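Residue-level structural notes
Below are the chains, spelled out letter by letter.
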Amino acid sequence: MKVQKFNEFFKKAGQFQLAHRIQFLIGIALFTIVACSALPRLKLSGNEEEWFDDWDTIKISQDRFEEKFGADDSVMALIEAEDVFDPEVLTAIDKIGKRLEAEVPYANRVTSLTALSLPVGTEEGFEIQNPLEDFSIMDYSQEELREKKEFIMSRDSLLNVLVSDDCKETWIVLSLEDYEEPMTDAMKKIQPPAEKIFNDPEFKSEKFTIKPTGMSYTEYEETMVTEEQIKTRIFAGFIVMLLCLIFFVRSLRGVIVPVIATVGAIGSVLGINSWIGIVGNDQMLMLPVLLAMALSVGYSIHYINAFRLHFRRTGKRKESVLLAVEESGWPIFFTVVTTVAGMISFLFADIRPLRWVGGISAAAVFAVYVYVIILIPIFMSFGKDSLPAKNFQAQEGATRADLQMEKYGNSVIKTRFFVIVASVIILVGMIPGIFRTKVNMDYTEMMGERTPFVARLLSILKGKLGSQYSYNVMIEYDEADALKSYDVMRRIDGLSEKLGSLDSTKVSGGKPRVTSVTKIIKEMNRTLNSDEPSFYALPEDDDLLTQELFLYEISGGDDLFDWVSQDYSSTYIHIEMSGYDATTIVSDLEKVKAWSAEAFPDARVNVVGEVVNYAIMNGKLVWGELKSFVGSFVIILLLMAIAFSSLHVSLIAMIPNVAPVIMIGGVMGYFGISLDMITMTVMPMILGIAVDDTIHFTNHIKYYFEKGCSYKDAVLTSYREIGKTMGMTTVILCSMFLVITSSTMNCLCRLGYLSVIGLASALIADYTLTPVLVLLTKPFGKEKEAK
């Protein structure tokens, strides 16, 4: 299909638009007002329950766990001191614990050095005591404190679990009740009062430091940091957009109209999102907004530069507008379609936030195009005509920069074989890096140590007691009292020992951080046998085991039913992790499932916890990235084949667009940049954007070739007429993404510079590979003989 036919269609559309320009302006104004009226109802969420299509399946085990054992969440604080048994430190621990229980919503019970439930031997057997109960109001002598310290430090169930063996670290743990609302809502109630307590001047001391953590606590901090980063980057992006317009357009009308188009398009898309009732993702919002701003400027500059070129030639305003629409309307529309296709490819992913960002980005790109195609021609048509610019007549309206681009194009043509060889060498060198890329959903690594709360979490991880990630192995029997069996407890203990041998399990003081109900039973058994350390073991008789469990229950202990269900049919093993390495944890979780199934063929065994969700996410990211990229590639390839009426031409045109994707993959692999929720958006997005310049360039070459030019002349004319504009739009896009690189969040920073690398390499490929491939393959047929 000839380009001229498309151009004639857009010229007629432009004539109709200018003939009814007032009606068009009124219509788009009314549409914008109605769409934006729903913006106050816009809902954004970062709830992990919205990540997966099969979340209901994934969540069944987690819900059952919380139903039996309460929320798998707590507010925690690591206390570091020279000696955590110092009276001043213990007083603070006691006061903090009491305030947490009293002031934090969903508070259940505090566990700390001053809030323990330990079996202590008596003449009748044992009783449950809290050795340092009400420390802040009790007057303990030094001797009493020393004895109680020795007793606590002699408990295997506490050593290097609640308190470190060097007495320099200890935990305050506030367990939370099951939420009656999503965690995204609950954390807003839980974190602020807890933070207020931890930061109270009363607890500022040179003798100790407080380092808070906990899932809801840190999730709230992450949300606040993300919101602040997104707001500041969007504002900075808007300023960059204005500066780019002022620098490149240098016209009040040329600055104001793209700004109106950008704000109107973004507001309308988000407003319609609210009207439909779709809940967006707060962490992904920045991408469609920045993309819309950048592309709005890019599309506007294409029209404005085309208008200026013809206005310098003719001096007639409306005629120049129509010529600009005729010349630029089809290639811009087609670039919009391919960019939308790149964004829609995210719909192939099995992760809901990615699907949302793909859909909303596609809608934003199309909306920006609609606003630009309506507003730019109309506003440029207002005003007086003028005389043609005499100093541009000899070069047919070309500027000095345009002529320099033509000269550069001539040098590319002369060195075309070098261009091919150099391109092949660079791209082949990047391919091994792609296979080095790893998937990692560790949010401490994604957020980065420059973020204050992440730096605190990493400092906790370096300590003896510190851990950030954990998971639970839940064991369920159908029969009540099934756990009152030595054989079952023996198997729980054996599985715990195996789990402690995994590479991902945290080890403190030589002891794996694996906890289960067996530790309580062992402590009871030891207490009932004159506190002899050798009796820190499971009783090997079912009746004796049942008696000890009954004794603990009637003695008022608080801990037992944290670990077993009321009917003794279910329990769990809690495993703390040393860190998060995607490859290791995925491998370890497979071992956990196999070992658990082997140990308990007579029970239902499930692995639950946040880290399990991340492990599932790893697989979905790899598969989602592959499906998104392949989907994007195939859709764009087919669209180009339809537009150019040739699969041959579309395949040639795709070569320069695959090059930036290979560059991004290679850079990620060689520089150790992980694939995560944010970075996985880069490749399909860049493929959708990179093809824009290829379409403009290829379309221009085909247009002039159809007018009778040779391939060489068509290429050089295209360099002269749109080469500068291609560079300008890429500079604008790169400037917008460079804004993100100033973020303290690693994932956003990486999104920024990977996008810049992709966009820059795409421009270089279009300046070099695209014209060379056209000259070598002659995809539009034979050249016409000169008459």
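Coordinates for the structure precede this section.
First things first, this report covers the structure right here in the doc.

**Quick notes on the overall build of the protein**
- Looking only at helices and strands, the protein has 26 helices and 14 strands in total.
- Here the protein holds 787 residues, and the buried ones make up 58% of them.
- Put simply, 81% of the contacts in the protein that link residues at least 6 apart link residues at least 24 apart.
- For the protein, the computed accessible surface area is about 32400 Å², with 59% contributed by carbon and sulfur atoms.
- Each charge class in the protein can be summarised by its mean position, and for the 74 positive and 98 negative side chains these summaries are 19 Å apart.

**Remarks on the environment of Thr698**
- Here Thr698 shows up in helix α24 (residues 682-706).
- Other than its neighbours up to four places away in sequence, Thr698 contacts Phe644, Thr770 and Phe780.

**Quick notes on the state of the cysteines**
- As enumerated under the stated definition, the model contains zero disulfides in all.
- Of all cysteine sulfurs, the one in Cys749 lies closest to Cys747, which takes part in no disulfide; the gap is 9.4 Å.

**A look at the packing of aromatic side chains**
- Applying the stated criterion to the full structure yields 24 aromatic pairs.
- Summarising the aromatic geometry, the rings of Phe333 and Tyr369 are spaced 5.8 Å apart at their centres and angled 55° between planes, so their arrangement reads as tilted. Remark: Tyr369 occurs in helix α11 (residues 352-381) and Phe333 occurs in helix α10 (residues 317-344); sequence separation between them is 36 residues.
- In textbook terms, an aromatic cluster arises when at least three aromatic residues are bridged by ring pairs, as seen for Phe9, Phe10, Trp330, Phe333, Phe334, Phe366 and Tyr369.

**Looking at unusual backbone geometry**
- For Cys167, which is not glycine, the phi dihedral falls at a positive 60°.
- In this structure, Cys167 sits in the loop between α5 (142-153) and β6 (169-176).
- A positive phi angle, close to 45°, is found at Lys778, a residue other than glycine.
- Mapped onto the elements, Lys778 comes out in the segment after α26 (746-777).

**So, the sheet that holds strand β9 (residues 470-476)**
- Strands sit in the order β12-β13-β9-β14 across an open sheet of four strands; the sheet is antiparallel. What marks the edges here is a single partner per strand, and that holds for β12 (514-515) and β14 (604-608).
- Where β12 lies against strand β13 (residues 570-576), two bridges are found, and the strand directions are antiparallel. Opposite Thr515, over in β13, you have His574 as the bridge partner.
- Lying on the sheet, helix α17 (residues 486-499) is in contact with β9, β12 and β13; it crosses β13 at an angle near 20°.

**So, helix α9 (residues 286-314)**
- With 29 residues, α9 extends 42 Å between its outermost C-alpha atoms, agreeing within 8% with the 42 Å of an ideal straight helix rising 1.5 Å per residue.
- For α9, the tally of buried residues reaches 26 of 29 residues, placing the bulk of the element in the interior.

**Considerations on the side chain of Thr262**
- Mapping Thr262 onto the fold places it in helix α8 (residues 252-276).
- We classify Thr262 as buried; its relative accessible area is 2%.

**Quick word on a nonpolar patch on the surface**
- A cluster of nonpolar side chains, contributed by Phe31, Val34, Ile272, Trp275, Ile276 and Ile278, occupies part of the molecular surface with about 570 Å² of accessible area.
- Only α2 (21-36) and α8 provide two or more residues apiece to the nonpolar patch.
- Along the chain, Ile278 turns up in the loop between α8 and β8 (280-281).

**With respect to α17**
- For α17, spanning 14 residues, the distance from its first C-alpha to its last is 20 Å, which sits close to the expected 20 Å at 1.5 Å a residue.
- For α17, the set of buried residues is Val488, Met489, Arg491, Ile492, Leu495, Ser496 and Leu499. Each buried residue of α17 lies within a common arc of 160° when the element is viewed along its axis, so the set occupies one face.

**Details of the pattern of salt bridges**
- For the structure on display, the rule yields 32 salt bridges.
- The salt bridge involving Glu476 is made with Arg604; its shortest N-O contact spans 3.9 Å. Residue Glu476 is located in strand β9, and its partner Arg604 is located in strand β14; the two are separated by 128 residues in the primary sequence.
- Judged by its relative accessible area of 38%, Arg604 is partly exposed.
- Measuring nitrogen to oxygen at the nearest pair gives 2.6 Å for the salt bridge that ties Arg604 to Asp478. With Arg604 in strand β14 and Asp478 in the loop between β9 and α17, this pair connects stretches of sequence that are 126 residues apart.
- Within this structure, Arg64, Glu476, Asp478 and Arg604 form a network of salt bridges that share partners.

**Here we look at the pairing of strand β2 (residues 74-81)**
- Counting buried residues along β2, seven of its eight residues qualify, which places the element largely inside the surrounding structure.
- Taken together, the seven bridges between β2 and β6 define a ladder with antiparallel strand orientation. Across the sheet, the residue bridging to Ala77 is Ile172, located in β6.

**Considering the sheet that holds β2**
- The strand order across the open sheet built from four strands is β3-β6-β2-β7, with neighbouring strands paired in antiparallel fashion. What marks the edges here is a single partner per strand, and that holds for β3 (107-111) and β7 (208-213). Averaged over all adjacent pairs, the angle separating strand axes in this sheet is 20°, with direction ignored.
- Bridging between β2 and β7 involves six bridges; their strand directions are antiparallel. By the bridge assignment, Ile79 is partnered in β7 with Ile210.

**Focus on the nonpolar core**
- Residues Phe85, Leu100 and Tyr471 are the most contacted members of the largest nonpolar core, which totals 243 residues.
- In terms of residue count, α11 provides more of this core than any other element does, 18 residues in total.
- Aside from chain neighbours lying at most four places away, what touches Tyr471 is Leu502, Ile573, His574, Ile575, Met577, Ile585, Leu589, Val592, Val607, Val608, Val611 and Val612.
- Counting five residues, the second-largest nonpolar core is a separate cluster that includes Leu427, Met430, Ala659 and Ile662.

**Re the packing of α10 against α11**
- Remark: α10 packs on α11, axes separated minimally by 10 Å, with the N-to-C direction vectors making an angle of 180°. Between α10 and α11, the angle falls in the class roughly antiparallel. Residue-level contacts link Arg317, Lys318, Val321, Val325, Gly329, Ile332, Phe333, Val336, Thr339, Val340, Met343 and Ile344 of α10 to Gly358, Ser361, Ala362, Val365, Phe366, Tyr369, Pro377, Met380 and Ser381 of α11.
- The class makeup of the residues in the contact of α10 with α11 is 14 nonpolar, five polar and two charged.

Conventions adopted
- Here the residue numbers are simple positions, counted from 1 along each chain's written sequence.
- A pLDDT threshold of at least 70 governs which residues receive local features in this predicted model, and a stricter bar of 80 or more applies before side-chain atom pairs are shown or counted, although totals over entire chains, interfaces and linings include all residues.
- Calculated side-chain values reflect all of the structure's heavy atoms, with hydrogen atoms and water omitted.
- Helix and strand definitions follow DSSP, with helices as H or I runs of at least four residues and strands as E runs of at least two, each counted in order from the N terminus.
- Accessibility here uses a 1.4 Å probe with only protein chains present; expressed as a share of the type maximum, an area under 20% marks a residue as buried, one over 50% as exposed, and anything in between as partly exposed.
- Any two residues having at least one pair of non-hydrogen atoms within 4.5 Å are treated as being in contact.
- Shrake-Rupley sampling with a 1.4 Å probe provides the accessible areas, and residues are treated as covered by the protein chains on show and by no other component.
- Think of it this way: Lys and Arg go in the positive column, Asp and Glu in the negative one, and His and the chain ends go nowhere.
- For this purpose, a charge sits on NZ of Lys, CZ of Arg, CG of Asp or CD of Glu.
- Cysteine sulfur atoms that come within 2.5 Å of each other are treated as a disulfide pair.
- The criterion for an aromatic pair is that two Phe, Tyr or Trp rings (for Trp, the six-membered ring) have centres within 6.5 Å, with stacked assigned to planes under 30 degrees apart, edge-to-face to planes over 60 apart and tilted to the rest.
- Following DSSP output, two strands are said to pair if at least two bridges run between them.
- Each axis is a line fitted through C-alpha atoms, and for a helix only the stretch in contact is used; angles between axes span 0 to 180 degrees, taken between their N-to-C directions.
- Each residue after the first adds 1.5 Å to the expected span of a helix.
- Only residues above 30% relative accessible area that lack a salt bridge enter a patch, with like-charged residues linked at up to 9 Å and the nonpolar side chains Val, Leu, Ile, Met, Phe, Trp and Tyr linked at up to 5 Å.
- Each reported salt bridge corresponds to a side-chain nitrogen of Lys or Arg within 4 Å of a carboxyl oxygen of Asp or Glu.
- Taken from the helix axis, the directions to the C-beta atoms give the arc we talk about.
- Residues belong to one nonpolar core when they are buried, are Ala, Val, Leu, Ile, Met, Phe, Trp, Tyr or Cys, and are joined through side-chain atoms within 4.5 Å.
- Should an angle fall under 35 degrees it is taken as roughly parallel, and over 145 as roughly antiparallel, whereas 65 to 115 is taken as roughly perpendicular and any remaining angle as oblique.
- Residues are grouped as follows: nonpolar covers Ala, Val, Leu, Ile, Met, Phe, Trp, Tyr, Cys and Pro; charged covers Asp, Glu, Lys and Arg; every other residue, Gly included, is treated as polar.

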